[in-house]
Amino acid sequence: MDLHLKNLFDRFQEQFGSGPGLGPGSGTCLMKVEGISSNFIKPLFKASAALYRTEPWRRLRPGHLFGVRVGKDSDWSGKKQPFPCSQFIGGDGGDIGFYMFRSENDAKKMTGLRETIRVPNVELLRVTYELETLMFPSNRKMIKSLSLEASGNDRFPVIDVARCTSSGELQFRNPTLEELKFVYAFMRAISLVHPLLQADKESGPNWTRLISFDPFIETVDIQWPSEMARGHELVAVTISHPPGQAYEEKISSTTSSTPTKYAEPPDEVTFMDIRVNSNSSSIHCAMCEKEVHGDQSLCCGRCRAVVYCTSLCQKQHWKESHKSMCGLYKAMMEREEELVMKIFMFPCSAAQPCKWLESLGIHQKGMWRRKCSCYSHCPFGLLPVKGGLWDSWGGLDDEEYPGDLPFHNQLRDGISSPILLSGWSEYYNLRSLSLSSPVADILSHPLTVYHILTALSINTKNLLLKGKEVILHYLGPEGEMDWMPAFSEISHLLNGLGNIQIIMVGPEVPANLSGTTSGISSRVRVNLVRGVYQEEATYLPSPHVIVALNCALDRYSSWGGALDLIKAIGAPAFFTEQSEILCANAKQVLRGAGLHITHPVTPNPFRSPVKNHDSSTNLPSYSNGFVLGVNA
């Protein structure tokens, strides 16, 4: 008898729903949507099935709201995102699916503790996963005739738009083609990013079933089905948790660029007078840019990253901009410990470069002269040169700098081949360098280039393994022009196989060096060209790869023309930035230029171990800290 009642109850739940949902779908048949074709319905069901297989309901509940942004506002009718807020329902039982709302406020009004609240005049798009046996005949006929992919065990998505009336009843309509396009992009993107959510173990009582997650934001490129492409195959989709004021549009030189986006903290910040411990003699207020001493400054009590002169500036900055950035800054500050390279035995903080260099005994010596402002009067590439390699490295002890010698006993199956490195530990071991040596700070540039050529770019790696030459266009050189002795290390790492021609192009190249060639070794030569890349590239040999280190893409308008040319050339290009926030900005600039990000932002294993800070934040910054790659 108990089993019989259980079966009846289960059947009742399947037919009429329970828990936080609004009940089963209305039976909308997509074939009735104006303008739709089977060429779009099939990938729509495929995306739905892919999302279902990731099982978001294991962790997500209606209280976990997500911000959604697909492309630009101008891509949609009304010049705004159709359903910018979403939630998953059914994790606690009831109808499995997800709801998409016109606003975060609508989502909050309809989200109750135990069930979905029916609020009059609120419209939402629903995707519910229903058993085929319980679906309307028209839906079953469509599924059979088009051989649509199932989601789970004979479940299929039913997509409709629901609206609550003043009497509490529900009215349904078919989704429009535009709304289906929006939900397609959301399903593809959320299936990729929701597994990346990290639980915040320090927030919320232990007894609650609602997991708290760290603030999160991620952008992925989604490819439209051919039926929907209309000349634009890719669209940038951003998912954020929590939503709120998660997006801040930033004007750039490219009018078509996707807005810059940042995550907002879940609650109002508590302002705390936390004094900044800084070795720097002075820093600047993030609001008024007033110079303040470290012992007189305050910082945000939540992220502890942004510096202020007074609590008044702190509160004003929160209202104007920091509210939308605080969650991201907090996440970055929490990663600081992860990014620190603990293997080194020299001080790895350079808040005051001159004092840092003095502590190492290399201030105003050799190549280190480019690491402080003492020689800023001397143009890049024109530092006075004297002596040999020992002088170039500032007179370090023999075991503290790489000699101009090949690596021994580095054969693979008895055959010479380029040495593949995993990070600084392996390199220091190969060179028998003391971990008290600071040379990684300068070597970060040539070894980042080598890492790109041998680990990130498959094409150039294959060319080098075959013993052929690689042509690399190096954009925007500055201090690198004074660090040529360090670039000779690339030749030794090639280990007798392949050649590299590095063509450095940029406005900082001195006029008297433009057009010159530096044969820094038998296998690596460097050509210097003065000018902006888009104007000089036509006279240069075609590149196999393009590189720009510490490029600050969002700060210089001249990058616009260079990125247009990179897209036209079609060669893979790799960019590094000093911090995650700069990488986030760079991603938007690159997407705005129509470039497809093929290598996502990752910490660079050959970033400099020396940490710096922006003058108005405590956020860690490393030379060549993060790398991302694009292709046209």
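What you are looking at is a predicted structure, and each value in this text was computed from that prediction instead of being measured.

## Regarding unusual backbone geometry
A negative phi holds for most residues other than glycine; trans holds for most peptide bonds.
Right, on to step 1. With an omega of -5°, the peptide bond running from H241 to P242 counts as cis.
Right, on to step 2. Within the secondary structure, P242 sits in the loop between β8 (234-241) and β9 (274-275).
Right, on to step 3. You will see that E55, though not glycine, has its phi angle at about 50°, which is positive.
Right, on to step 4. Looking at the secondary structure, you find E55 in the loop between α2 (38-53) and β1 (66-70).
Right, on to step 5. A relative accessible area of 38% means that E55 is categorised as partly exposed.
Right, on to step 6. Positive phi, normally seen in glycine, also occurs at N495, with a value near 55°.
Right, on to step 7. Tracing the backbone through its elements, the reader meets N495 in the loop between α15 (489-494) and β17 (499-506).

## Remarks on the environment of L553
Right, on to step 1. Its place among the elements puts L553 in the loop between β20 (545-548) and α17 (559-569).
Right, on to step 2. Expressed as a C-alpha distance, the spacing of L553 and A586, which sit 33 residues apart in the sequence, is 5.5 Å.
Right, on to step 3. Beyond its immediate chain neighbours, meaning those up to four positions away, L553 contacts W559, L563, F575, E577, A586, V589 and L590.

## Structural notes on the packing of helix α11 (residues 424-431) against helix α12 (residues 440-456)
Right, on to step 1. Look at α11 against α12: their axes get within 13 Å of each other, and the N-to-C directions meet at 105°. Classified by the angle their axes make, α11 and α12 are roughly perpendicular. Touching W424, Y427 and Y428 of α11 are A440, L443, S444 and L447, all from α12.
Right, on to step 2. Of the residues in the contact of α11 with α12, the class split is 6 nonpolar, 1 polar and no charged.

## Here's the deal with the packing of aromatic side chains
Each aromatic ring pair is characterised by the separation of its centres together with the angle its planes make.
Right, on to step 1. Scanning all chains against the criterion turns up 22 aromatic pairs.
Right, on to step 2. Arranged with centres 6.5 Å apart and planes meeting at 70°, the rings of W356 and W368 form a pair that is edge-to-face. Taken as a pair, W356 in helix α9 (residues 353-360) and W368 in the loop between α9 and α10 (389-392) lie far apart in primary sequence, 12 residues in all. Of the two residues, W356 and W368, neither departs from the other in class, the shared state being buried.
Right, on to step 3. An angle of 80° between the planes, with centres 5.2 Å apart, marks the rings of W424 and F606 as edge-to-face. Here W424, found in helix α11, pairs with F606, found in the loop between β22 (596-603) and β23 (611-613); they are 182 residues apart in sequence, far enough to count as distant. Here W424 and F606 have matching classes, each one buried.
Right, on to step 4. Among the aromatic side chains, those forming a connected cluster through ring pairs are Y52, W57, F66, F88, F98, Y129 and F186.
Right, on to step 5. In this structure, R369 is placed above the aromatic ring of Y375, and the distance from its NZ or CZ to the ring centre is 5.4 Å.

## Focus on helix α7 (residues 311-334)
Right, on to step 1. Under the 1.5 Å per step criterion, the end-to-end length of α7 is only 23 Å for 24 residues, more than 12% shorter than the ideal 34 Å.
Right, on to step 2. At H322, α7 shows its largest bend, some 80°.

## Here's the deal with the side chain of S488
Right, on to step 1. Along the chain, S488 falls in the loop between α14 (484-487) and α15.
Right, on to step 2. Polar side-chain contacts of S488 include one of 2.6 Å to the backbone oxygen of P485.

## Some thoughts on the state of the cysteines
Right, on to step 1. Summed over the entire model, instances satisfying the criterion amount to 0 disulfides.
Right, on to step 2. For the unlinked cysteine C309, the closest cysteine sulfur is that of C288, found at 3.7 Å.
Right, on to step 3. Owing to a relative accessible area of 13%, C309 belongs among the buried residues under this scheme.

## Some details on the nonpolar core
Right, on to step 1. The biggest cluster of nonpolar side chains holds 59 residues, and the ones touching the most others in it are W393, W424, Y427, I502 and M504.
Right, on to step 2. Here this core takes 9 residues from α12, the largest share from any one element.
Right, on to step 3. Setting aside chain neighbours within four positions, we find M504 in contact with Y474, P477, E480, M481, M484, F487, V509, V526, N527, L528 and V529.
Right, on to step 4. Membership of the second largest hydrophobic core comes to 54 residues, among which are I41, I96, F98 and V183.

Conventions and cut-offs
Counting restarts for each chain, with residues numbered from 1 along the sequence as it is written. Since the coordinates come from a predicted model, pLDDT governs what is reported: local features require at least 70, and pairs of side-chain atoms require 80 or more to be given and counted, while whole-chain, interface and lining totals use all residues. Values shown for side chains rest on all heavy atoms present in the structure; no hydrogens or waters enter the calculation. Segments assigned H or I by DSSP are reported as helices when at least four residues long, segments assigned E as strands when at least two residues long, and all are numbered from the N terminus. Each residue gets one of three labels from its accessible area relative to the maximum for its type: buried under 20%, exposed over 50%, partly exposed in between, using a 1.4 Å probe on protein chains only. By definition in these notes, contact holds between two residues if any of their heavy atoms fall within 4.5 Å. Axis definition: a line fitted to C-alpha atoms, over the contacting stretch in the case of helices. Angles run 0 to 180 degrees between N-to-C directions. Geometric relationships in this document are graded by angle, where less than 35 degrees denotes roughly parallel, more than 145 denotes roughly antiparallel, 65 to 115 denotes roughly perpendicular, and other angles denote oblique. The nonpolar class holds Ala, Val, Leu, Ile, Met, Phe, Trp, Tyr, Cys and Pro. Asp, Glu, Lys and Arg form the charged class, and all remaining residues, Gly among them, are polar. We call Phe, Tyr and Trp rings a pair once their centres come within 6.5 Å, taking the six-membered ring for Trp, and we label the pair stacked below 30 degrees between planes, edge-to-face above 60, and tilted otherwise. Whether a charge sits over a ring depends on NZ of Lys or CZ of Arg being within 6 Å of the ring centre and within 35 degrees of the ring normal. Helix span is expected to be 1.5 Å times the residue number reduced by one. In this analysis the local bend is the angle between axes fitted, respectively, to the seven residues ending at and the seven residues starting at the residue. Polar contacts, as counted here, are pairs of nitrogen or oxygen atoms within 3.5 Å of one another; within protein the pair requires one atom able to donate a hydrogen and one able to accept it, and residues that are adjacent in sequence qualify only if both atoms are side-chain atoms. Disulfide: a pair of cysteine sulfur atoms within 2.5 Å of each other. Grouping buried Ala, Val, Leu, Ile, Met, Phe, Trp, Tyr and Cys residues that are joined through side-chain atoms within 4.5 Å yields what is termed a nonpolar core.

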